Amino acid sequence: MHLATLSAVKLPNHSIKLMAIMLDELGADVEQALRQVGLTASDIEDPAALVTGLQEVEFQRAFMQQTPDQPEVWVDLGSRYRLLTHAHTDYGLLMSTAPTVDAAIKIGFTYGDLYYMLADAEGIFAEDGRQIGFRSLPVELPRDMRRFSALRDVGVNCTVFSELWGEPFPFDTVELPVPARDEPFVRRFLPDADLRFDSEFNRWRWSVRLDQRRPPHSDPVLHDYYRSACDRLLAAAHREGDLVDRVLTLLDESKGQDSVDHAARKLALSTRSLQRKLGDRGFSYRELAALARHRHACRLLLTTRHPVSRVALDTGYDNVSAFNNAFRRLSGVTPSQYRNGMAVA
């Protein structure tokens with residue numbers, strides 16, 4: 001999922017229900033976690049109920065807060081997800097009916113707005129074009145959720161890849177943005193992989209050929225049907241969030257520097273009308289501009305070795321102090337801590 005579509009995309013309540021069941025097993029306060037995101041017990045008891053992407057992400061935060069510093073619980077939670085519950089049901093069915101495992105994984109990246117986590121995933125490819133891994137970029141992921149997300153996805157990835165593969169998936173190397181002290185919990189699910197910790201990204205690599213393996217439930221007719229279903233879901237979400245998407249695109253192009261008046265002219269709207277339409281969707285132009293600048297700063301910090309002072313100038317700040325304060329407000333850590341992979345205290 002992406003921040004621009006969090007409020008617009010509608011998802012089955014499966015993931016929240018799964019987390020609520022586990023919290024109940026642990027004796028945690030499920031009702032408090034539900035209240036935190038504006039839900040009630042009846043909202044998760046109804047198998048047909050839908051939630052917004054925002055409620056899903058915020059319940060993940062509530063789950064994390066109810067299980068503080070319990071990495072074994074976070075990995076176990078991920079292992080309970082299946083192809084049909086780790087994302088929107090139609091997304092899982094689209095992946096499971098793909099012609100090859102390679103196609104299934106690429107589909108997972110393409111339809112990422114239907115996946116239950118704020119992260120951008122992209123493939124890693126060999127010189128011959130063969131997919132040999134993927135990495136997950138945490139640019140939009142709240143900093144305080146990074147460790148939880150990485151460990152939860154250990155369980156998710158091991159389960160989902162194994163379902164597509166038809167047996168335990170042979171990961172070769174896994175790099176995680178978590179401390180080495182988490183190795184015992186990760187090793188339970190990746191007993192033979194070369195594990196590396198304190199990485200900037202999640203990186204998962206393999207040497208097997210995915211394009212020569214069919215998922216157990218591969219079916220071309222059903223695959224076309226579920227692709228259409230996913231296209232409709234995303235089209236509906238993007239229609240509702242279309243203006244936000246367009247504003248964020250403009251802001252990304254200008255690295256967050258476009259004024260509201262300039263953006264309004266580009267969108268053929270009056271400034272007042274643009275501000276009102278954004279307000280109706282729960283955003284302000286200032287918030288979106290700050291987000292675009294923050295995302296640009298995150299990319300520079302993760303992909304370059306520019307000093308923080310230069311990153312500050314490149315993102316429109318007059319001094320490092322103002323940049324540090326703005327960055328901390330959005331991520332919970334300083335730019336240097338973000339670059340170095342330090343966890344939130």
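Heads up: these notes are all about the structure in this document. Everything numeric here is computed off the predicted structure, so don't read it as measured data.

1. A closer look at the overall build of the chain
- Regarding its fold elements, the chain presents 17 helices and seven strands.
- The C-alpha radius of gyration computed for the chain amounts to 20 Å, which stays within 12% of the reference 20 Å derived for 345 residues, consistent with globular compactness.
- Across its three principal axes, the chain shows a C-alpha extent of roughly 55 × 50 × 40 Å.
- When the 345 residues of the chain are sorted by exposure, 53% land in the buried category.
- Counted over contacts in the chain with a minimum sequence separation of 6, partners at least 24 positions apart contribute 71%.
- Split by element, the accessible area of the chain, about 15600 Å² in all, is 50% carbon and sulfur.
- Side chains of the chain give 42 positive and 47 negative charges; the mean places of these two sets differ by 6 Å.

2. Structural notes on the nonpolar core
- Core analysis: the largest hydrophobic core is formed by 71 residues, its most contacted members being F59, F63, L190 and W204.
- For this core, the secondary structure elements donating two or more residues are helix 1 (14-25), helix 2 (30-36), helix 4 (53-66), helix 5 (71-79), helix 6 (89-96), helix 7 (101-110), helix 8 (146-165) and helix 10 (220-240).
- By residue number, the principal contributor to this core is helix 8, which donates 10 residues.
- What W204 contacts, discounting residues up to four positions off in sequence, is I132, G133, F134, D153, V154, N157, C158, F171, T173, V174, L176 and L190.
- With 17 residues, the next largest nonpolar core counts V260, L278, A289 and A292 among its residues.

3. Focus on the side chain of E175
- Residue placement: E175 occurs in strand 5 (residues 173-175).
- Apart from residues no more than four positions distant in its own chain, E175 is found in contact with R196, S199, F201, N202, R203 and R205.

4. Some words on the side chain of S218
- With respect to the element layout, S218 can be found in the loop between strand 7 (202-205) and helix 10.
- Judged by its relative accessible area of 15%, S218 falls in the buried class.
- Not counting chain neighbours up to four residues away, the residues in contact with S218 comprise S96, T97, A98 and P99.

5. What about the sheet that holds strand 4 (residues 131-137)?
- In space, the five strands of this open sheet follow the order 3-4-7-5-6, with mixed pairing throughout. What marks the edges here is a single partner per strand, and that holds for strand 3 (120-125) and strand 6 (194-196). The average undirected angle you get between the axes of adjacent strands in this sheet is 15 degrees.
- Where strand 4 meets strand 7, four bridges bridge the pair, whose relative direction is antiparallel. The residue bridging F134 from the neighbouring strand is W204, located in strand 7.
- Each of strand 3 and strand 4 touches helix 7; the most contacted strand, strand 4, lies at about 20 degrees to it.
- Lying over the sheet, helix 8 contacts strand 4 and strand 7, oriented at roughly 25 degrees with respect to strand 7.

6. A word on the packing of helix 1 against helix 4
- Where helix 1 meets helix 4, the axes come as close as 10 Å, and the angle between the chain directions of the two elements is 15 degrees. One finds that helix 1 runs roughly parallel with respect to helix 4. Between helix 1 and helix 4 the crossing geometry is left-handed. In contact with S15, I16, M19, A20, M22 and L23 of helix 1, helix 4 contributes Q55, E56, F59, Q60, F63 and Q66.
- When the residues that make up the contact of helix 1 with helix 4 are grouped by side-chain class, the tally is seven nonpolar, four polar and one charged.

Quick notes on the rules
Residues numbered from 1 in each chain as written. Predicted model: local features only at pLDDT ≥ 70, side-chain atom pairs only at ≥ 80, totals over all residues. Heavy atoms only, no water. Helix = DSSP H or I, 4+ residues; strand = E, 2+ residues; numbered from the N terminus. Rg over C-alpha atoms; globule rule 2.2 N^0.38 Å. Buried < 20%, exposed > 50% of the residue type's maximum accessible area, 1.4 Å probe, protein only. Contact = heavy atoms within 4.5 Å. Areas by Shrake-Rupley, 256 points an atom, 1.4 Å probe, with all protein chains shown as cover. Lys, Arg positive; Asp, Glu negative; His and termini not counted. Charge placed at Lys NZ, Arg CZ, Asp CG, Glu CD. Core = buried A, V, L, I, M, F, W, Y, C linked by side-chain atoms within 4.5 Å. Pairing = 2+ DSSP bridges. Axes fitted to C-alpha atoms, helices over the stretch in contact; angles between N-to-C directions. Parallel < 35°, antiparallel > 145°, perpendicular 65-115°, else oblique. Left-handed = near helix turned anticlockwise from the far one by under 90°. Nonpolar A, V, L, I, M, F, W, Y, C, P; charged D, E, K, R; others polar.

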